[in-house]
There are 2 protein chains.
Amino acid sequence: MVTIKHIAEMAGVSRTTVSRVLNNSGYVSEDARKRVEMVIKETGYVPSEQAKSLRTKKTKVIGVILPTIQTETPSRIVTGVGKELAENGYQIILANTNLDKDKELEYLDVLRLRQVDGIILIATNTEPKLMEKIKGMNIPIVIVGQEADDLMYVTYDDYHAARDLTTFFIEKGHTNIAFIGVDEADHSVGYLRKKGYLDAMKSSELAVESNWVETGIFDIESGYEAMKNILTKTTSIPTATIAVTDRLAIGAISYLKEKGIRIPEQMALAGFGASELAKYLDPPLTTVDYQNEKAGEEAAKQLLAKINAKKYQKQIILDYRLIIRKSV
Amino acid sequence: MVTIKHIAEMAGVSRTTVSRVLNNSGYVSEDARKRVEMVIKETGYVPSEQAKSLRTKKTKVIGVILPTIQTETPSRIVTGVGKELAENGYQIILANTNLDKDKELEYLDVLRLRQVDGIILIATNTEPKLMEKIKGMNIPIVIVGQEADDLMYVTYDDYHAARDLTTFFIEKGHTNIAFIGVDEADHSVGYLRKKGYLDAMKSSELAVESNWVETGIFDIESGYEAMKNILTKTTSIPTATIAVTDRLAIGAISYLKEKGIRIPEQMALAGFGASELAKYLDPPLTTVDYQNEKAGEEAAKQLLAKINAKKYQKQIILDYRLIIRKSV
DNA sequence: CCATGACGTGGAATCGATTCCCTAAAACAA
DNA sequence: TTGTTTTAGGGAATCGATTCCACGTCATGG
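In short, a report on the structure. All figures in this text were calculated on a predicted structure; none of them were measured in a lab.

### Remarks on helix α3 (residues 30-43) of chain B
All names here are of chain B.
And step 1. The end-to-end C-alpha separation of α3 is 20 Å, in line with the 20 Å expected for 14 residues at 1.5 Å each.
And step 2. Regarding α3, the residues found buried are Ala32, Arg33, Val36, Val39 and Ile40. Projected down its long axis, α3 shows its buried positions confined to an angular sector of 135°, all on one face. Seen from the buried face of α3, the exposed residues on the opposite side, beyond 90 degrees, are Glu30, Lys41 and Glu42.

### A few points about the interface of chain A and chain B
And step 1. Residue-level contacts link 43 residues of chain A with 42 residues of chain B.
And step 2. In total, chain A and chain B occlude about 4,000 Å² of area from one another, counting both sides; carbon and sulfur atoms represent 57% of this.
And step 3. For the interface between chain A and chain B, the tally reads 6 salt bridges.
And step 4. The interface formed by chain A and chain B includes 24 residue pairs in polar contact (both at pLDDT 80 or more).

### Side note on the sheet that holds strand β9 (residues 268-270) of chain A
Residue and element names in this part refer to chain A.
And step 1. Pairing in this open sheet of 4 strands is parallel, and the strands run β7-β6-β8-β9 from one edge to the other. Each edge of the open sheet carries a strand with a single partner, namely β7 (213-216) and β9. The average undirected angle you get between the axes of adjacent strands in this sheet is 20°.
And step 2. Inspection of the sheet shows strand β6 (residues 177-182) paired to β7 by 4 bridges, in the parallel sense. The partner of Ile180 across the bridge, within β7, is Glu214.
And step 3. Most of the contacts of helix α8 (residues 158-171) go to strand β8 (residues 240-243), to which it runs at about 170°, and overall it touches β6, β8 and β9.

### Some details on the packing of aromatic side chains
And step 1. Under the criterion given, the structure shown has 10 aromatic pairs over all chains.
And step 2. Of the aromatic side chains, those joined through ring pairs into one cluster are Tyr156, Phe272 and Tyr290 of chain A.

### A closer look at the sheet that holds strand β9 (residues 268-270) of chain B
Residues and elements named next belong to chain B.
And step 1. With parallel pairing, 4 strands are arranged side by side in an open sheet as β7-β6-β8-β9. Both outer strands of the open sheet, β7 (213-216) and β9, are each paired with one neighbouring strand and no more. Across the sheet, the mean angle separating the axes of adjacent strands is 20° when strand polarity is ignored.
And step 2. Where strand β8 (residues 240-243) meets β9, 3 bridges bridge the pair, whose relative direction is parallel. Bridge pairing in β9 places Ile242 opposite Ala270.

### Observations regarding the relation of the copies chain A and chain B
And step 1. Rotating chain A by 180° and translating it 0.1 Å along the rotation axis places it on chain B, where the RMSD comes to 0.2 Å. In short, the pair behaves as if placed about a two-fold rotation axis. Judged by C-alpha distance, Ile93 of chain A is the residue of chain A that lies nearest the rotation axis, at 2.3 Å.
And step 2. Comparing interface residues between copies, 98% of those in chain A also lie at the interface in chain B; the contact surface is shared.

### Observations regarding the protein's contact with DNA strand D
And step 1. Among the 30 residues in the neighbourhood of DNA strand D, the closest are listed as Ile4, Ser48 and Arg55 of chain A together with Ser14 and Arg20 of chain B.
And step 2. Take the atoms of DNA strand D that sit within 4 Å of the protein: sugar and phosphate atoms are 54% of them.
And step 3. Between Thr17 of chain B and DNA strand D, the recorded distance is 2.7 Å, taken from a side-chain N or O atom to a phosphate oxygen.
And step 4. One of the backbone N or O atoms of Ser29 of chain B is found 2.7 Å from a phosphate oxygen in DNA strand D.
And step 5. Taken together, the elements giving at least two residues each to the surface near DNA strand D come down to α2 (15-22) and α4 (49-56) of chain A together with α2 (15-22) and α4 (49-56) of chain B.
And step 6. It is α4 of chain A that contributes the most residues to the surface near DNA strand D, 5 residues altogether.
And step 7. Split by residue class, the surface near DNA strand D holds 11 nonpolar, 11 polar and 8 charged.

### Describing the protein's contact with DNA strand C
And step 1. Taken together, 30 residues form the shell around DNA strand C, and within it Arg20 of chain A together with Ile4, Ser19, Ser48 and Arg55 of chain B come nearest.
And step 2. Across the atoms of DNA strand C situated within 4 Å of the protein, the share located in sugar and phosphate is 56%.
And step 3. A distance of 3.1 Å is found between a phosphate oxygen of DNA strand C and a side-chain nitrogen or oxygen belonging to Tyr27 of chain A.
And step 4. Within the side chain of Tyr45 of chain B, an N or O atom sits 3.0 Å from a phosphate oxygen of DNA strand C.
And step 5. Within the residue set of the surface near DNA strand C, elements represented by two or more residues are α2 and α4 of chain A together with α2 and α4 of chain B.

Reading guide: rules and limits
Residues numbered from 1 in each chain as written. Chains lettered and ligands numbered in written order. Predicted model: local features only at pLDDT ≥ 70, side-chain atom pairs only at ≥ 80, totals over all residues. Heavy atoms only, no water. Helix = DSSP H or I, 4+ residues; strand = E, 2+ residues; numbered from the N terminus. Expected span 1.5 Å × (residues − 1). Buried < 20%, exposed > 50% of the residue type's maximum accessible area, 1.4 Å probe, protein only. Arc of directions from axis to C-beta. Contact = heavy atoms within 4.5 Å. Buried area = accessible area lost by both parts, 1.4 Å probe. Salt bridge = Lys/Arg side-chain N within 4 Å of Asp/Glu carboxyl O. Polar contact = N/O pair within 3.5 Å; in protein donor to acceptor, adjacent residues only side chain to side chain. Pairing = 2+ DSSP bridges. Axes fitted to C-alpha atoms, helices over the stretch in contact; angles between N-to-C directions. Phe/Tyr/Trp six-rings, centres within 6.5 Å; stacked < 30°, edge-to-face > 60°. Least-squares fit on C-alpha atoms with pLDDT ≥ 70 in both. Near = heavy atom within 4 Å. Nonpolar A, V, L, I, M, F, W, Y, C, P; charged D, E, K, R; others polar.

What follows is the structure, given as structure tokens:
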């Protein structure tokens, strides 16, 4: 393996000078620079990242912690992060928790000891233990998808998205609107989207029957179950349902079809997330488009700014867009 | 930051001894070991990975090159890889080409200079330039999803899967079977699956009209276009269609629905990949289940075996399973 | 003509580990 | 008692970079 020492010898200069050429810092004569560059080209020499980062304490690696790589939201975020980082010569170390909350904490440590320059956490919760840990780390960390008082984050306006969507249904004349949510520990998806729904109902003075509100987990199956509960347990049957993810909506559709209930005539339906498939469902699903990839890019951008001691925005809330399709 | 030097001083031993405790190598008295361990616990010291890898030339990092993270197949593979690696204390550096072939080559270099211990390439082609480059690198590399003569790989039995699926249609009585493929540069998905289809047709002495065979790219839209072409350009209309991915099949379905063509009565349909959504389409889509996650695990397992100079299997071809659903 | 500063360069320390080699005491064998 | 092994531990080199500091050489201005 060719090292800086070899280059120095071959070019007849000291390692110092080679280093100067590499980082173009300090004084180097045109002559010496030429020779060094020649030799570098000939040998195809590339400086060792390990050695460099041992000295400089910078690895040009960013850790990304995510709950799963198998659903669209995190995948898109990572894609965005990756694009932004690649442009700046940074690499991603991936830490997949596979939905295991404890691993979020664990991976923070693993990444620290890998001396990553920063961490992007695609968060599923804002538990105090996690927040405390983040505050205690002296590595720049950006949270994506959740608000977190005085930490850096990039998230979406979940509350207003849910509120707008609900209002949209109300304006269409629906009064009985059901809701399929998830655990409120997920502040964005669980709590805020539900609050948006409830507040919209309240401000239109519409009552919400307790059985209209179901809680699932993040998979299709639980959307199916939730819709089943809604239709079998409620006294006044809703005419519209909001599901907090497209996958839950897909589960709901699957139940509705099984029972021969027509969408949207008998049950209007909407999801969140603008999954690619939503467009191709029958009927195409109304959904909320968050700019996930943009969120990833933005998170990476602010993180790099912070790392390089430039001006950065600490907290960003991205916009959303309702995509109205035939399911309503 | 606490280093081995501090630990040595605090425990009243040399760095050598601390290192011995850390790696439990060489002779260390019970007494010294206790003291060192105490200090390590007190200080929460963790050895620097950079320093270690500078010396040992091992980083415990594996590079994963993939075409996109936004479709199910690579996501599942990465999940499998991640699980296996995590169990062995390895980390993943992610290199996302975003479907840009040139970046595959580029990232091989980037990863090498990051001194990754090995590379897993989720491949979309087997172009000579790429294969040559891989042979020329002196880092262990496993290819996933493509065969590559004398390199390490884990792939699927694409040929027989396609052949079986086609035969299944034939046995159901179909004689006019269309095919939506992709560019044959993708040897597995493009070439082998098509060959399986053609050979099955031939061995049943069924003719294949040239217009029955369409080529798309990997997105839903091109499935739509392909189905449109098949139905508008052919003289004898097919009664069944095989699409080489579920997404292509979804596009095809979308066209069929638009035209009011009933599935499977007027057109039977099948895809490949066992995407989660396939199950919830209307009608549920017949598809081929490859064990993507297993493939990832297997690739990681063999790679680690090779890295650690243990016995490994150079080439693995995984099994598949037809999932017959109502679309046929 | 000499002080000053810009320019060029190299020596050597440093980052934080591992590891080779050496010394020395203790344990054991002859 | 002497000679070998085993056990224990330290010194110092090393990995491949960066960077501080010192030291020349010129040109310039006072």
